[in-house]
Structure formats: C-alpha cells, structure tokens
Amino acid sequence: MSEKSLVARLNTDFVIYLSGRILPAVLSFVGVSLFIRILGSKEYGKYALVQSVILLVSAFGSSWLAQSLLRFNGSFKSELSQNRLDYIIKRGLRLTNSIILPLVAAGFLIFFKIKFYVVLVVLISVYFQTNYSVYVARQSSLLRPKKVFVGNAIRMSLYLTSALIFYYLFPSLGYVNLILGFAIGNLVGEVFVKTWIVRKE
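A brief look at the structure comes next. (Residues numbered from 1 in each chain as written. Predicted model: local features only at pLDDT ≥ 70, side-chain atom pairs only at ≥ 80, totals over all residues. Heavy atoms only, no water.)

### Re the overall build of the protein chain
Formally: Here a strand is any run of E in DSSP of at least two residues, a helix any run of H or I of at least four, and the numbering for each starts at the N terminus. When a residue's accessible area, from a 1.4 Å probe over protein chains only, is under 20% of the maximum for its type it is buried; when over 50% it is exposed; and in between it is partly exposed. The contact definition used throughout considers only heavy atoms, calling two residues in contact when any of these lie within 4.5 Å. Working definition of accessibility: Shrake-Rupley area with a 1.4 Å probe, residue cover restricted to the visible protein chains.
Counting secondary structure elements, the protein chain contains six helices and zero strands. The N-to-C order of helical and strand elements in the protein chain reads α-α-α-α-α-α. Put simply, the protein chain has 201 residues, and 41% of those count as buried. Within the protein chain, counting contacts between residues at least 6 apart in sequence, those at least 24 apart form 80% of the total. Surface exposure of the protein chain reaches about 11,700 Å², of which carbon and sulfur atoms provide 69%.

### Let's talk about the side chain of Thr130
Under the convention used in this document: Contacts described as polar in this section are N or O atom pairs within 3.5 Å, which, within protein, must combine one atom able to donate a hydrogen with one able to accept it, while residues neighboring in sequence count only if both atoms come from side chains.
Along the chain, Thr130 turns up in helix H4 (residues 116-139). For Thr130, the side chain forms a polar contact with the main-chain oxygen of Val126, separated by 2.8 Å. Excluding its chain neighbours within four sequence positions, the residues that come into contact with Thr130 are Ser58, Ser62, Leu93, Thr96, Asn97 and Ile100.

### A closer look at H4
Note the threshold: Here the expected span of a helix is defined as 1.5 Å times the quantity of residues minus one.
Between the first and last C-alpha of H4 there are 35 Å, a value that for 24 residues agrees with the 34 Å anticipated at 1.5 Å per step. Burial analysis of H4 places 17 of its 24 residues in the buried class, which makes it a mostly covered element.

### A short note on the nonpolar core
Heads up, the condition is: For the purposes of this section, nonpolar cores are sets of buried Ala, Val, Leu, Ile, Met, Phe, Trp, Tyr and Cys residues that join through side-chain atoms within 4.5 Å.
Ranked by size, the top nonpolar core spans 30 residues in total, and within it Val122, Tyr175 and Ile179 carry the most contacts. Elements supplying a minimum of two residues to this core: helix H1 (3-39), helix H2 (41-72), helix H3 (79-112), H4, helix H5 (145-169) and helix H6 (176-199). With six residues, H4 is the largest single contributor of residues to this core. Dropping the residues within four chain positions of it, Ile179 is found in contact with Tyr47, Val50, Ile54, Val121, Val122 and Ser125. Of all hydrophobic cores here, the second largest spans nine residues; its members include Leu69, Ile89, Leu93 and Val193.

### A closer look at the environment of Val150
Within the fold, Val150 resides in helix H5. In the structure, Val150 is positioned 127 residues away from Leu23 in sequence and 9.9 Å away in space, judged by C-alpha atoms.

The following block contains the structure:
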C-alpha cells in the first residue's frame, strides 16, 4: 500500500470513526427532547438521576477491566491466548458484577427507597452496560470504523425505539421504560460485539 493510499484510508477511517462517536450524542440529544415532552420534566428528571447512577456504577465496575484489555489486547495474538483472554474477561465480569450489583440493589432500596421491580430493572441495565463496555474495549483495536459506526447507530436506535414501544405498552411505568430501552440497546450491542469476536474481523 502506497503512502498516498494509506493516508487516504486513514482519513476515511477517521471520518467514519468520528461519525460513529458523534451519532450517539446526536441521537441522545433527540431522545432527551423527545422524552421530556412525553414524560414531563419531573419524570424525566427521575430517569436522568437513575441513569447517571447506572453509568457511574458501570464505569466504576468495568473501567479497570476495560483499561487492562486496551493495554494488553495486542499481546494476545494466538488463538490459545485469545481463549485465555476470553476466560479472563468472563472471570473479571463475574467478579465485578458479584460486587457492584448487590451494592447497587442495597443503595437503591435503602437510600432511594424505590420499588423492588424498579431495582431489578436498574440491575439489569447495570449488568448489560458493564458487559457492553468491557466487550467494546476487547475489540476496540480490532473493529473496523464502519462497524463502530453501525454498532453505535444500532445500539442507540434500539434504545430510543425500545423505550418508546415500552412506554406506549406500559405507560404507567414512566421513566422505567427508558431504562428498559437502554438495557436492550446494550444487550443487542453486546451480542453484535461478541459476534464480531467469533468472526475475528
């Protein structure tokens, strides 16, 4: 590959990758405007508070594993090493989830004093958000920019559409529908990433 074609490819990949990062922000902005109108500012404020806790706890629980994967992923090149890395990821996620999920449940039940079914939905969302963050870190150096763009678009689109569908099916759940939509978006995102791992693309 010549230097000129390499530079052209890098520029193209940069634009696609940047678009894949900007798109979720744009869709999130659209979602905020849409859901505030649907739920009202008070109900959406509850969602924003709970969602902030979910993202904070997930980042706290998964960042150590995600950063380790980013640092050492390149040294695990053989198939045997990749299998060992997958084993480390699974053990790390089990350890993380076994610690943070009970703490989140206790915190919400004691301090927030919200209903038990809401706590279950929150735990599901934390679980899928944590797993998604780790698996994205696992493949961040290997995924093509187009797949990053497509993956982010699918994840955020499913979050918005699922939340809307749940809201119109179960309007009495209020902001919980948004948390469910967020969890489904992360679940599907994790499935896509795992599929890319199997294909080794």
